[in-house]
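# Examining the three-dimensional arrangement
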Amino acid sequence: MSQRLDTNTLLPAGLKALGALHAAVHDSGLEASLIDLINLRASQINGCGYCLWLHTREALAHGETPERLQLLRVPEEGPFSERERAALAWTEAVTRVADAAVPDAVYERALAAFGERDLGALNYAVIAINAWNRLAIPFRKAPPAAHGAHAAA
């Protein structure tokens, strides 16, 4: 499967706008490790191979452990803090918002863990990774290893 288009070069203003959102999320005060988990969980749900590759590398470089990453799909069973679990529940609910509204219990849990300002920042983090996923998936952006595998085939 080869890449279709590189929308980043076709519409640089779009890339710049999404880059500004990315920067705002990283400047919001949310922990970098939390943003890594959000990026990975949303990318798992959406099935974005490129973003899984990229954000796994970033998370490991930021000190995340392979054990925690292996349990990211089941955060209630993994070694995650309540704040991380609330963020991951929020990530899942917002990423799947087309399937169902965000439940009150998920909202209340996230609000209790983050407060109003940080919950807003958390929501922007989820919006940002979902936007990146939606740029990569339809145009088949693949991790570098996948490009090499296709070239050898």
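Above this text you will find the structure in question.
Counting of residues starts from 1 at the beginning of each chain's written sequence and follows it residue by residue. Since the coordinates come from a predicted model, pLDDT governs what is reported: local features require at least 70, and pairs of side-chain atoms require 80 or more to be given and counted, while whole-chain, interface and lining totals use all residues. To get the side-chain values, all heavy atoms of the structure are used, and hydrogens and water are removed first.

### Let's talk about unusual backbone geometry
- A positive phi is found at arginine 140, a non-glycine position, where the angle reads about 60°.
- Note that arginine 140 resides in the loop between helix H7 (104-136) and helix H8 (144-152). Numbering of helices and strands runs from the N terminus, with a helix taken as a DSSP run of H or I at least four residues long and a strand as a DSSP run of E at least two residues long.

### Focus on the packing of aromatic side chains
- Ring pairs shown here join Phe, Tyr and Trp side chains whose ring centres sit within 6.5 Å, with only the six-membered ring taken for Trp; geometry is labelled stacked below 30 degrees between planes, edge-to-face above 60, and tilted in between. Within this structure, the stated rule accounts for 2 aromatic pairs.
- Residues tyrosine 50 and tryptophan 53 carry aromatic rings whose centres are separated by 5.7 Å and whose planes lie at 45° to one another, so their mutual orientation is tilted. You can see tyrosine 50 and its partner tryptophan 53 sitting in helix H4 (residues 49-61), 3 residues apart, about one turn around the helix.
- The buried category is assigned to tyrosine 50, whose relative accessible area is 18%.
- Under the scheme applied here, a residue whose accessible area is under 20% of the maximum for its type counts as buried, over 50% as exposed, and between as partly exposed, the area being computed with a 1.4 Å probe on protein chains only. Take tryptophan 53: its relative accessible area is 26%, and that puts it in the partly exposed class.
- An angle of 50° between the planes, with centres 6.3 Å apart, marks the rings of tryptophan 90 and tyrosine 107 as tilted. Of this pair, tryptophan 90 sits in helix H6 (residues 82-95) while tyrosine 107 is found in helix H7, placing the two residues 17 residues apart along the sequence.
- We note lysine 141 situated over the ring of tyrosine 50; from NZ or CZ to the ring centre the distance is 4.6 Å. Lysine NZ or arginine CZ positioned within 6 Å of the ring centre and within 35 degrees of the ring normal marks a charge as sitting over the ring.

### Here we look at helix H3 (residues 32-46)
- Taking 1.5 Å per residue as the helical rise, H3 with its 15 residues ought to reach 21 Å, and the 21 Å between its terminal C-alpha atoms agrees with that figure.
- Most of H3 sits inside the fold, with 12 of its 15 residues counted as buried.
- Of the positions making up H3, those classed as buried are Leu34, Ile35, Asp36, Leu37, Ile38, Asn39, Leu40, Arg41, Ala42, Ser43, Gln44 and Ile45.
- Residues of H3 that are buried in the fold lie against helix H2 (12-26), H4, helix H5 (66-70), H6 and H7.
- Positive phi shows up at glycine 47, right after H3, with a value of about 70°. Take the residue count of a helix, subtract one, and multiply by 1.5 Å to get its expected span. Residue contacts follow a heavy-atom distance rule, with two residues in contact if any of their heavy atoms lie within 4.5 Å.

### Structural notes on the side chain of arginine 68
- If you trace the backbone, arginine 68 turns up in helix H5.
- Within the local environment of arginine 68, its side chain forms a polar contact with the side chain of glutamate 64, the two groups lying 2.5 Å apart.
- Beyond its immediate sequence surroundings of up to four residues, arginine 68 is in contact with Leu37, Pro79, Phe80 and Glu84. Here a polar contact means two N or O atoms within 3.5 Å. Within protein one must be a hydrogen donor candidate and the other an acceptor candidate, and residues neighboring in sequence count only if both atoms are side-chain atoms.

### Considerations on the nonpolar core
- Of all hydrophobic cores here, the largest spans 27 residues; its most connected members are Leu30, Ile38, Trp90, Phe114 and Leu122.
- Elements with a contribution of two residues or more to this core: H2, H3, H4, H6 and H7.
- Here the element with the most residues in this core is H7; it accounts for 11 residues.
- Setting aside residues no more than four positions away along its own chain, phenylalanine 114 makes contact with Leu30, Leu34, Arg83, Ala86, Ala87, Leu119 and Leu122.
- The definition of a nonpolar core used throughout is a set of buried Ala, Val, Leu, Ile, Met, Phe, Trp, Tyr and Cys residues joined through side-chain atoms within 4.5 Å. Judged by nonpolar contacts, the second largest core, of 7 residues, contains Leu37, Leu40, Leu72 and Phe80.

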